[in-house]
Amino acid sequence: MQVRKLGDAGLASSAIGLGTLALTGRSGPVDDAASVDTIRFALDIGVTLIDAATGFEAERAERLVGRAVAGRRDEAMIAVGGGSRPDAGGRRRRLDGTPEHLRRSCEASLARLGVDHIDLYYLDGADPRVPLEDSMGKLAELVAAGKVRHVGLSGASADQLRRAHAVHPVAALAAEYSLWERHVEAECLPAARERGVAVFACRPLGRGFLTGRIRSADQLSANDLRRDDPRFWPENLPANLDLLRAVEEIAAQRDLGLPRLAIAWLLGRGDDITPVPSTRDRVHLEMNSAAAGVRLTPDECEHLAALFPPASVAGRGCTLP
């Protein structure tokens, strides 16, 4: 697995990362021991970026990562998030960007991970009750204290990225980015590139849609987060599957699995973009990682993008957890 320098902040990561949401049980049943083995297997095959910034079940994800990297800390680039809290029902997160909460969250993450520093600490979002500059100021203090190496933003707008970067260098912007969700390309990606900020493409397989394995909402378990996503609702999913068929044909022509093609498409958008798919299956993990060896030409990337125009995705544009 290729390790690349990302952006101007000195951040280095494998070309493809591993997200941990699928390991926490929010998209199907899991076993903690198996989840730890999956993370260790990722390290075995050269995946260095382990992203525990799940939002949901973040505490569980951090404990799993901590168990997995024990004795192998130098092999992992660990990313976690701070600046939010679960609501009373545990179904959604609410923002809390107060400096004191960020300090406590960082200390708690360090303890759960069992490490002395966090490689990349995301601000989960801009809390409207707290000036963004105050939140970033606290994160800068955590960097100065050696508890955090790099600061990132999650789900930020282009303006928020600019404001945050003026306080302290932002190493990475985490945003949903895939063939069927490309809102980041309009303003955020240009703003990130202007400032030498890497982009971590979250949900690069469209929450599993771009694997081609989800053909009906009935396949989703009762507590699956995708039931809250209108793109998977019965009135929208068939239209989205119609769009997917043309991409499936190209994958077949290239003798590639659909997930590898979708990830390779992201890699073809620029060396500053790192796809971070989440999976609990070691076979899928290995197949996803193999996308780093697939090369698409610029023309092929543009052709795929044209087959999946953002405005045609049914249910797109909603606010998701």
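This text goes with the structure placed above it.
The rules behind these values
- Residues numbered from 1 in each chain as written.
- Predicted model: local features only at pLDDT ≥ 70, side-chain atom pairs only at ≥ 80, totals over all residues.
- Heavy atoms only, no water.
- Helix = DSSP H or I, 4+ residues; strand = E, 2+ residues; numbered from the N terminus.
- Salt bridge = Lys/Arg side-chain N within 4 Å of Asp/Glu carboxyl O.
- Buried < 20%, exposed > 50% of the residue type's maximum accessible area, 1.4 Å probe, protein only.
- Pairing = 2+ DSSP bridges.
- Contact = heavy atoms within 4.5 Å.
- Axes fitted to C-alpha atoms, helices over the stretch in contact; angles between N-to-C directions.
- Arc of directions from axis to C-beta.
- Disulfide = S-S within 2.5 Å.
- Parallel < 35°, antiparallel > 145°, perpendicular 65-115°, else oblique.
- Left-handed = near helix turned anticlockwise from the far one by under 90°.
- Nonpolar A, V, L, I, M, F, W, Y, C, P; charged D, E, K, R; others polar.

(A) The environment of I118, seen in detail. Inspection of the secondary structure assignment puts I118 in strand β8 (residues 118–123). Through-space distance from the C-alpha of I118 to that of L95 is 20 Å; in sequence the pair is 23 residues apart.

(B) Fine view of the pattern of salt bridges. With the rule as written, the count across this model stands at 26 salt bridges. Between D44 and R72 there is a salt bridge, and its shortest N-O distance comes to 2.8 Å. Taken together, the positions of D44 in helix α1 (residues 32–44) and R72 in the loop between α2 (58–69) and β5 (77–82) put the pair 28 residues apart, joining distant regions of the chain. Taking the shortest distance from any N to any O, the salt bridge between R163 and E133 comes out at 3.0 Å. With R163 in helix α5 (residues 158–167) and E133 in helix α4 (residues 132–144), this pair connects stretches of sequence that are 30 residues apart. Classification of E133 by relative accessible area gives partly exposed; the value is 32%. A network of salt bridges, in which partner residues are shared, links E176, E181, R203, R207, D229 and R231.

(C) Local environment of the sheet that holds strand β9 (residues 148–154). One open sheet accounts for eight strands, arranged β3-β4-β5-β8-β9-β10-β11-β12; its pairing is parallel. Each having just a single partner strand, β3 (18–19) and β12 (273–276) make up the two edges of the open sheet. For β5 and β8, the ladder comprises four bridges, and the chain directions are parallel. When the sheet's bridge partners are listed, A79 is paired in β8 with L120. Contacts between helix α3 (residues 99–113) and the sheet are confined to β5, β8 and β9, with β8 contributing the most and set at about 140° to the helix.

(D) Region of interest: α5. All of the buried residues in α5 are A158, L161 and A164. Along the axis of α5, the buried positions cluster into a sector of 125°, meaning they face one direction only. Buried residues along α5 sit in contact with α4, β9, β10 (170–176) and α6 (188–194).

(E) Fine view of the state of the cysteines. Evaluated as defined, the whole model comprises zero disulfides. Unpaired in this structure, C106 has its nearest cysteine sulfur neighbour in C202, at a distance of 19 Å. Overall, C106 belongs to the buried group, its relative accessible area being 0%. In this model C188 remains outside any disulfide bridge; the closest cysteine sulfur is found in C202, 12 Å from its own. Exposure remark for C188: the relative accessible area of 12% places this residue in the buried category.

(F) Structural context of the packing of α1 against α2. Running from amino to carboxyl end, α1 crosses α2 at an angle of 55°, the nearest separation of the two axes being 9 Å. By the angle between their directions, the pair α1 and α2 is classed as oblique. Seen from above, α1 lies across α2 with right-handed handedness. Where α1 approaches α2, its residues D32, A33, S35, V36, I39, R40 and L43 are matched on the opposing element by R60, L64, V65, R67, A68 and V69. Split into classes, the residues belonging to the contact of α1 with α2 amount to eight nonpolar, one polar and four charged.

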